[in-house]
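As a plain string of letters, each chain reads:
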Amino acid sequence: AGLGNRAAALADQQRAIRLRPASVDAMDGPIYEEGLVRLQARFGDRDAAFEGLRHLLATNYAPPPLTTATLRVDPDFKSLHDDPRWAVLLKTFDRQTPTTAPP
């Protein structure tokens, strides 16, 4: 991804998700989903990134799952900050743990 090879980066991450889906490994599977969302945000696929973020913010996984606090400072998501959905996402999930987040 850092080299700008969008197609290869996305394909590799999607392959990792297929090999270890969250439905099989609830703790580590979402880590690969998070990697995909990071790539989508970096490459400007905002619709997919927001969909993935809503899912991840409602999911409990290890290592520490994404939170609105980490999203605010994580440079991978800076490209989303000017999108109107950003404020809605943060407001929806602020102070909510994955077990209390809305569907």
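Everything in this summary refers to the structure shown in the same document. (Residues numbered from 1 in each chain as written. Predicted model: local features only at pLDDT ≥ 70, side-chain atom pairs only at ≥ 80, totals over all residues. Heavy atoms only, no water.)

### Considering the pattern of salt bridges
Put simply, the rule reads: We define a salt bridge as a side-chain nitrogen of Lys or Arg found within 4 Å of a carboxyl oxygen belonging to Asp or Glu. Under the DSSP-based scheme used, a helix requires at least four consecutive residues in state H or I and a strand at least two consecutive residues in state E, with every element numbered from the N terminus.
Under the definition given, this model contains eleven salt bridges. In this structure, Asp28 engages Arg20 in a salt bridge whose closest nitrogen and oxygen atoms are separated by 4.0 Å. The partner of Arg38 in a salt bridge is Asp76, with the nearest N and O atoms 2.8 Å apart. Highlighted residues: Arg38 in helix α2 (residues 29–42) and Asp76 in the loop between α4 (68–73) and α5 (84–93), separated in sequence by 38 residues. Here the residues in one salt-bridge network are Glu34, Arg38, Arg42, Asp74 and Asp76, joined through shared partners.

### Structural notes on the nonpolar core
Note the cut-off: The nonpolar core is taken to be a set of buried Ala, Val, Leu, Ile, Met, Phe, Trp, Tyr and Cys residues, with the residues joined through side-chain atoms within 4.5 Å. Relative accessibility decides the category of a residue: with a 1.4 Å probe and only protein chains considered, values under 20% of the type maximum give buried, values over 50% give exposed, and everything between is partly exposed. Residue contacts are defined here by distance: any two heavy atoms, one from each residue, within 4.5 Å place the two residues in contact.
Leu53, Leu66, Leu71, Phe77, Leu80, Trp86 and Leu89 are the most contacted members of the largest nonpolar core, which has 16 residues in total. For this core, the elements supplying multiple residues, two or more each, are α2, α3 (46–57) and α5. Examining the composition of this core, we find that five residues originate from one element, α3, more than from any other. Contacts of Leu71, omitting those with residues within four sequence positions, involve Leu53, Leu57, Leu66, Phe77, His81, Trp86 and Leu89. If you look at the next biggest cluster of nonpolar residues, it comprises five residues, including Leu10, Ile17, Leu36 and Leu39.

### Quick look at the side chain of Thr59
Residue position: Thr59 is located in the loop between α3 and α4. Judged by relative accessible area, which is 15%, Thr59 ranks as buried.

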